[in-house]
Amino acid sequence: LVAYTRLFLTRGFALYRMFEMEPRTKSVFGYDKGEDNGNAHMEIHAKAFPRLIDSIIQMLGPDVEFVEEILGQVGDRHRAMNVNPSFFPFMGKALLVALEDSLRRKLTDEEREAWEEVYDEIANVIVKKILA
């Protein structure tokens, strides 16, 4: 499931779903400055997001401080780009919908809860840093 998740994330499926759910999120990626600009930024994020998720999952366990440090740096970058913290729930929902679309099945309750828990923890640390 993790390898498959990496594939679907690198193709930007979750981002496209987020844009459908909340079109204002496209401005974060520069779509307000043109389609080419937005596509370039989206491609970078579509590659970076799965690497972040992979890293976080691999580091789960005793080294929570290091994970929080990395997520804090991500939060700093999001703050510098003026990312609106209210967009994070849309990304979480889009992630689940895109994952189900890619798998061509509904997530089990256990899978859904696990993904929600991981995403919520990641988003909470990033949003705290944005608001700091």
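This text follows the structure it describes.
On a predicted model such as this, the values are computed, not experimentally measured, just so you know.

1. Details of the packing of helix H4 (residues 64-80) against helix H6 (residues 109-131)
Helix-helix packing is characterised by the crossing angle of the two axes and by the distance between the axes.
And then number 1: Look at H4 against H6: their axes get within 7 Å of each other, and the N-to-C directions meet at 50°. One finds that H4 runs oblique with respect to H6. Crossing hand, H4 versus H6: right-handed. Judged by residue contacts, Glu68, Leu71, Gly72, Val74, Gly75, Asp76, His78 and Arg79 of H4 engage Ile122, Val125, Ile126, Lys129 and Ile130 from H6.
And then number 2: Residues of the contact of H4 with H6, tallied by class, amount to six nonpolar, three polar and four charged.

2. Digging into the packing of aromatic side chains
And then number 1: Considering all chains together, one arrives at three aromatic pairs under this definition.
And then number 2: Members of the aromatic cluster, joined through ring pairs, are Tyr16, Phe19, Phe29 and Tyr31.
And then number 3: A cation over an aromatic ring shows up here: lysine 26 above the ring of tyrosine 31, its NZ or CZ 4.7 Å from the ring centre.

Definitions and cut-offs
Residues numbered from 1 in each chain as written. Predicted model: local features only at pLDDT ≥ 70, side-chain atom pairs only at ≥ 80, totals over all residues. Heavy atoms only, no water. Axes fitted to C-alpha atoms, helices over the stretch in contact; angles between N-to-C directions. Helix = DSSP H or I, 4+ residues; strand = E, 2+ residues; numbered from the N terminus. Parallel < 35°, antiparallel > 145°, perpendicular 65-115°, else oblique. Left-handed = near helix turned anticlockwise from the far one by under 90°. Contact = heavy atoms within 4.5 Å. Nonpolar A, V, L, I, M, F, W, Y, C, P; charged D, E, K, R; others polar. Phe/Tyr/Trp six-rings, centres within 6.5 Å; stacked < 30°, edge-to-face > 60°. Lys NZ or Arg CZ within 6 Å of the ring centre and 35° of its normal.

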